[in-house]
Amino acid sequence: QFLDMQGVPYLADVITAAIAGCAPSLILTHGTEDLNGDHRRTCEAVRVSARPWGNYPVRRVWGFQVDPGQSSRTHSYVELDGSAVRFSHMAKVREALARYASELREPPHPTSLEVVEWRRRAWGSAAGVPFAEAFEILQDIDRLAVEEDR
């Protein structure tokens, strides 16, 4: 795979250029404990590229889980509120997973479509809502306007 052959500095340069082009305030990337080396390198490169300095736009970097057994570092859940959102979101998840058809398996494998949906229900249950996504918080910066002392 292409990413398996690239070092973090190369990936960070590509990501930094992308950040400069669109100025995101939130970046979603793989979690730090992902089992795939290319995913971990991508996460590291995002963290390097999103380091806070000056008026840099990136305030939040969240890592998502691909395999539910990969991390015990879930720090935040995002509710998928309302049935229209849930079904729309799951449709997008299924569409994204279709691009990786060769990696999909039959239940009870973690990459089966059924288990992917079940996982969102389980994360929702942990958060007290019907469906949720789980994220590892890698960077979360809130800047408050502070009056200078007089």
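Okay, so let's go over this structure. (Residues numbered from 1 in each chain as written. Predicted model: local features only at pLDDT ≥ 70, side-chain atom pairs only at ≥ 80, totals over all residues. Heavy atoms only, no water.)

1. Details of helix α2 (residues 37–49)
The α-helix advances 3.6 residues per turn, and as a result positions three or four apart in sequence lie on the same side.
Working step 1: With 13 residues, α2 extends 18 Å from end C-alpha to end C-alpha; this agrees with the ideal 18 Å at 1.5 Å per step.
Working step 2: Of the positions making up α2, those classed as buried are Asp-38, His-39, Thr-42, Cys-43, Ala-45, Val-46 and Ser-49. The arc that holds the buried residues of α2, viewed along the axis, is 165°, so those residues lie on one side.
Working step 3: Next to the buried residues of α2 lie α1 (8–22), β1 (26–30), β2 (60–64) and β4 (132–140). (Helix = DSSP H or I, 4+ residues; strand = E, 2+ residues; numbered from the N terminus. Expected span 1.5 Å × (residues − 1). Buried < 20%, exposed > 50% of the residue type's maximum accessible area, 1.4 Å probe, protein only. Arc of directions from axis to C-beta. Contact = heavy atoms within 4.5 Å.)

2. Observations concerning unusual backbone geometry
Working step 1: At the junction of Pro-107 and Pro-108, the peptide bond is cis and its omega measures out at 10° in the coordinates.
Working step 2: Along the polypeptide, Pro-108 turns up in the loop between α3 (83–98) and α4 (113–127).
Working step 3: Residues other than glycine seldom take positive phi values, yet Ala-23 does so here, at roughly 50°.
Working step 4: Position of Ala-23 relative to the elements: it lies in the loop between α1 and β1.
Working step 5: According to the relative accessible area criterion, Ala-23 is partly exposed, its value standing at 47%.

3. As for the packing of aromatic side chains
Working step 1: Taken as a whole and judged by the stated rule, the model has two aromatic pairs.
Working step 2: Between Trp-53 and Tyr-56, the aromatic rings sit 5.1 Å apart at their centres with planes inclined by 25°, giving stacked as the arrangement.
Working step 3: Note on Trp-53: relative accessible area 57%, which makes it exposed.
Working step 4: Judged by centre distance (5.2 Å) and plane angle (45°), the ring pair of Trp-62 and Phe-135 falls under tilted. Of this pair, Trp-62 sits in strand β2 while Phe-135 sits in strand β4; the two residues are 73 residues apart in sequence, bridging distant segments of the chain. As far as burial versus exposure is concerned, Trp-62 and Phe-135 are alike and both buried. (Phe/Tyr/Trp six-rings, centres within 6.5 Å; stacked < 30°, edge-to-face > 60°.)

4. Remarks on the packing of α1 against α2
Working step 1: It is the contact of α1 with α2, at a shortest axis distance of 8 Å, that shows an interaxial angle of 55°. Relative to α2, the element α1 lies oblique. Between α1 and α2 the crossing geometry is right-handed. Facing Val-8, Leu-11, Ala-12, Ile-15, Thr-16 and Ile-19 of α1, the residues of α2 in contact are Arg-41, Thr-42, Glu-44, Ala-45, Val-46, Val-48 and Ser-49.
Working step 2: Grouping the constituent residues of the contact of α1 with α2 by class yields eight nonpolar, three polar and two charged. (Axes fitted to C-alpha atoms, helices over the stretch in contact; angles between N-to-C directions. Parallel < 35°, antiparallel > 145°, perpendicular 65-115°, else oblique. Left-handed = near helix turned anticlockwise from the far one by under 90°. Nonpolar A, V, L, I, M, F, W, Y, C, P; charged D, E, K, R; others polar.)

5. Thoughts on the nonpolar core
Working step 1: Counting 14 residues, the largest nonpolar core has Ile-19, Ile-27, Ala-45, Val-58 and Val-61 as its most contacted members.
Working step 2: Per-element accounting of this core gives the leading share, five residues, to α1.
Working step 3: When near neighbours in sequence (up to four residues on either side) are disregarded, Ile-27 contacts Ile-19, Val-46, Ala-50, Val-58, Arg-60, Val-61 and Trp-62. (Core = buried A, V, L, I, M, F, W, Y, C linked by side-chain atoms within 4.5 Å.)

6. Quick notes on α4
Working step 1: For α4, which comprises 15 residues, the first-to-last C-alpha distance of 22 Å matches the rise-based estimate of 21 Å (1.5 Å per residue) to within 8%.
Working step 2: Taken as a whole, α4 has its buried residues at Val-115, Val-116, Glu-117, Arg-119, Arg-120, Trp-123 and Gly-124.

7. A short note on the sheet that holds β4
Working step 1: With mixed pairing, four strands are arranged side by side in an open sheet as β1-β2-β4-β3. Across the chains shown, the open sheet's two edge strands, defined by having one partner strand only, are β1 and β3 (76–79). Averaged over all neighbouring strand pairs, the angle between strand axes comes to 40°, with direction disregarded.
Working step 2: In the packing of α4 onto the sheet, the strands contacted are β3 and β4, and the crossing angle to β4 comes to about 70°. (Pairing = 2+ DSSP bridges.)

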